[in-house]
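Chain and residue survey
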Amino acid sequence: PRRRMRPARSHRSALRGTGVATPPPRSRPHPRASGPVTRARPSLSTNSVWSGDQAVDTSGQTGTYVSVDTNSQEDVFISFHSGNELKVANWVSGQGWVATSVDGNASTNVGLDTSMFIEQSTDEVHVTYYDLTNKDLKYAVRDANGNWNTSTLDTAGQVGQASSIVVDSNGDCHISYIDYTNQV
């Protein structure tokens, strides 16, 4: 069972409110991947040739619960669980893959069941994920300047697994996830 949550009009305000919302279809295909992936390739133009696998992150046990999206410039971003953390990597021309720790530390286990959506009009990166330590649904957003902000969206029992996020043309987040406590 899944429950959809529709936050307030602006994702910058307190994410509250519930209801069922069906987001509009995206105007472009949305690439997604899930499963243990630790290697990826940068985006390619029509005339490009694959040059081989490239490591995204090589720090310990990494690369599970993967989600992929592109911004308005077609830069690739990947969210994934690494050790006890949520990480997001993006392809930076001239540097290769740059992985950033977004949430988590040695005493937590967060970043499972990631889902990512990049708002094309603002290039804001939105990620929902599961906090195994507290059994909560969490949310992270990266603004166009590269700053990450994290928050906990639902703490009522065991909630937040198998999340999925989209952002509609009004900038409203639509999030679905499993609520095991209430069986919805």
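Predicted model, so just to flag it, every value in this text is computed and none were measured.

**Description of the sheet that holds strand β7 (residues 96-103)**
Strands sit in the order β4-β5-β6-β7 across an open sheet of 4 strands; the sheet is antiparallel. The strands lining the two open edges of the sheet, one partner per strand, are β4 (62-70) and β7. On average, each strand axis in the sheet is inclined to that of its neighbour by 25°, with strand direction left out of account. In the sheet, strand β6 (residues 85-92) pairs with β7 via 7 bridges, with the strands oriented antiparallel. Residue pairing in the sheet places W91 in a bridge with W97 of β7.

**Digging into the pattern of salt bridges**
One pass over the structure, following the stated rule, counts 1 salt bridge. Its salt-bridge partner being K138, residue D103 comes within 2.7 Å of it at the nearest N-O pair. Taken as a pair, D103 in strand β7 and K138 in strand β10 (residues 136-142) lie far apart in primary sequence, 35 residues in all. What makes D103 buried here is its relative accessible area of 14%.

**Some points on unusual backbone geometry**
One non-glycine residue with positive phi stands out, namely Y65, at about 55°. Position of Y65 among the secondary structure elements: in strand β4. Positive phi, close to 50°, is recorded for D113, a residue that is not glycine. Position of D113 relative to the elements: it lies in strand β8 (residues 110-118).

**Overview of the pairing of β6**
Relative to β6, strand β5 (residues 76-82) runs antiparallel, the two sharing 6 bridges. Paired with F77 across the bridge in β6 is N90. Turn length for the β5-β6 hairpin, with the two strands adjacent in sequence and antiparallel, is 2 residues, and the turn residue G83 shows positive phi of about 65°.

**Focus on the sheet that holds strand β11 (residues 148-154)**
Pairing between the strands of a sheet is mediated by backbone hydrogen bonds and can be parallel or antiparallel. If you walk across this open sheet you meet the 4 strands as β8-β9-β10-β11, and the pairing is antiparallel. The strands lining the two open edges of the sheet, one partner per strand, are β8 and β11. Between one strand axis and the next, the sheet turns through 25° on average, direction left out of account.

**Overview of the nonpolar core**
Side chains that are nonpolar tend, in soluble globular proteins, to be buried together. With 12 residues, the main nonpolar core is built from F77, L86, V88, V102, V110, M116, I118, V125, V127, Y129, A140 and W148. Elements with a minimum of two residues in this core: β6, β8 and β9 (125-131).

Thresholds applied
- Within every chain, residues take consecutive numbers counted from 1 along the sequence as written.
- Residues qualify for local features only when their pLDDT is at least 70, as the model is predicted, and side-chain atom pairs are given and counted only at 80 or more; totals for whole chains, interfaces and linings, by contrast, use all residues.
- By convention in this description, side-chain values take in all heavy atoms of the structure and omit both hydrogens and water.
- DSSP calls a pair of strands paired once it identifies at least 2 bridges connecting them.
- Under the scheme used here, helices are H or I runs from DSSP no shorter than 4 residues and strands are E runs no shorter than 2 residues, and both carry numbers assigned from the N terminus.
- Note on method: axes are straight lines fitted to C-alpha atoms, helices fitted across the in-contact stretch only, with angles between N-to-C directions ranging 0 to 180 degrees.
- By definition here, a salt bridge exists when the distance from a side-chain nitrogen of Lys or Arg to a carboxyl oxygen of Asp or Glu is within 4 Å.
- For every residue, the accessible area obtained with a 1.4 Å probe (protein chains only) is divided by the maximum for its type, and the residue is called buried under 20%, exposed over 50%, and partly exposed between those limits.
- For our purposes a nonpolar core is just a set of buried Ala, Val, Leu, Ile, Met, Phe, Trp, Tyr and Cys residues, chained together by side-chain atoms within 4.5 Å.

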